[in-house]
Amino acid sequence: MNSRFGHLVVGPRTHGVVRYAASVHAASAKILDHHCVAFAETPRADVLGELSDCELVHVHVSDRLFGRTPASAADELRAMVGRLGRPVSVTLHDLPQTSDGQAMASRIAFYRDVAERAAGLVVSSRHEAALFREHISREIEPQVIPLMIEDHLGTRRVTATTADATVGVLGFLYPGKGHIEVLNAMAGLPGEVGFVVLGAPSAGHDYLVDELRSVAEQDSRSFEITGFLDDDDLHRRAAGITVPVAYHRHLSASGSINTWIALGRAPLVPRGTYTDELNSRSPGALNMHAEGDSALRQAISDAVADPTRTWIEPSVSTGPAPSDVARMHDDLFRRWAR
């Protein structure tokens, strides 16, 4: 008889990490009958009954899901693990890096505490594994399970004219995600090429909407921020974007890029450690350009002139598929539950 494994999904359902955690369970439950799930809006929620027969529980962790500060998040997560009373493995997201500035030291302390308590550890890229070894611990070896790429290739191909062309950035709006850089890079394009933010501001960053709107108005450019989109609306709206762009300044793994790819889109991305890794795994799924705003400007201009380059050719193979990710997790859970 198989051991039962639980997926504890902590945080608001709109959060990217939470949505991904739910998708990992859904992929597992589709092919494996010994995976169960419990959803908890906060780490203090009582989920013991739903996970009572699970030999091991897996949690996707970002410090911002567990507390207002890394220190309070560490307290909450320690208490939650104590209440579960069984081995807990984790997937770490949003790993600390130098772009965190003054918050870096406290974030490192949180992730080190989590790693030392976990029965097993997963990160989502080789780049994240390197960040873990550099900043958190050289004694603990994380396992790499790349973010899944789902298949939404039934979406029809859209070819826009300059008169109705759009440049879009997908995901929550927050500093460093690249929205303002993309909008600035559009300065030389005709004003009728619109800028679309497919998502909503993250908590505390509503001011960025006014900043983007002001820049767009100065350039006589249409600007839209859609707000939060459920999966169906997101897929529909993303399919209609002429030029998909992912110019996140501090990438270590990216659900936004994978969402574009899942829709058959080849987003514009800057060359870097993570995008090189992703390109080696799914060659032909990205439009890669040199790092820097001038290279971004040229890449956007070229793609507006020829939008066909933003669609992945049918012969391109992308991955890993959800079923592959599910099996990779199951193999690790079996090892860690022994």
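Up top you'll find the structure we're talking about.
In this report, the structure presented in the accompanying data block is examined. (Residues numbered from 1 in each chain as written. Predicted model: local features only at pLDDT ≥ 70, side-chain atom pairs only at ≥ 80, totals over all residues. Heavy atoms only, no water.)

1. Structural notes on the pattern of salt bridges
The condition that has to hold: Here, a salt bridge means any Lys or Arg side-chain nitrogen found within 4 Å of an Asp or Glu carboxyl oxygen. The secondary structure listing takes helices from DSSP runs of H or I that are at least 4 residues long and strands from runs of E that are at least 2 residues long, numbered from the N terminus. Each residue is assigned to one of three classes by its accessible area relative to the maximum for its type, calculated with a 1.4 Å probe on protein chains only: buried under 20%, partly exposed between the two thresholds, exposed over 50%.
Enumeration according to the criterion identifies 16 salt bridges in this entry. Linking Asp 63 and Arg 107 is a salt bridge whose minimum nitrogen-to-oxygen distance equals 2.9 Å. Placement of the pair is Asp 63 in helix α2 (residues 63-66) and Arg 107 in helix α4 (residues 104-117), with a sequence separation of 44 residues. Both residues of the pair, Asp 63 and Arg 107, count as buried. For Arg 78, the salt bridge goes to Asp 75, with nearest N and O atoms at 2.3 Å. With Arg 78 and Asp 75 both in helix α3 (residues 70-84) and three residues apart, this pair spans about one turn of that helix. Arg 78 sits in the partly exposed class, given a relative accessible area of 28%. Within the structure, one salt-bridge network assembled from shared partners comprises Asp 75, Arg 78, Asp 113 and Arg 117.

2. Details of the nonpolar core
Proteins that are soluble and globular tend to have nonpolar side chains buried together. This is how the line gets drawn: Side-chain atoms within 4.5 Å link the members of a nonpolar core, which is a set of buried Ala, Val, Leu, Ile, Met, Phe, Trp, Tyr and Cys residues.
Grouped together as the largest cluster of nonpolar side chains are 37 residues, with contacts concentrated most on Leu 8, Leu 51, Val 59, Val 61, Phe 66 and Leu 92. Of all the elements, α3 adds the most residues to this core, at five residues. Counting residues in each nonpolar core, the second largest holds 26 residues, with Leu 173, Met 186, Val 197 and Ala 216 among its members.

3. What about unusual backbone geometry?
Cis geometry is found at the peptide bond from Gly 319 to Pro 320, where omega equals 10°. By the secondary structure assignment, Pro 320 is in the loop between α11 (293-305) and α12 (322-337). Unusually for a residue other than glycine, Asp 94 sits at a positive phi of about 55°. If you trace the backbone, Asp 94 turns up in the loop between β4 (88-92) and α4. The class for Asp 94 is partly exposed, based on a relative accessible area of 35%. Even without being glycine, Ser 220 reaches a positive phi, approximately 55°. Mapped onto the elements, Ser 220 comes out in the loop between α7 (207-218) and β9 (223-225).

These figures capture arrangement, not role.
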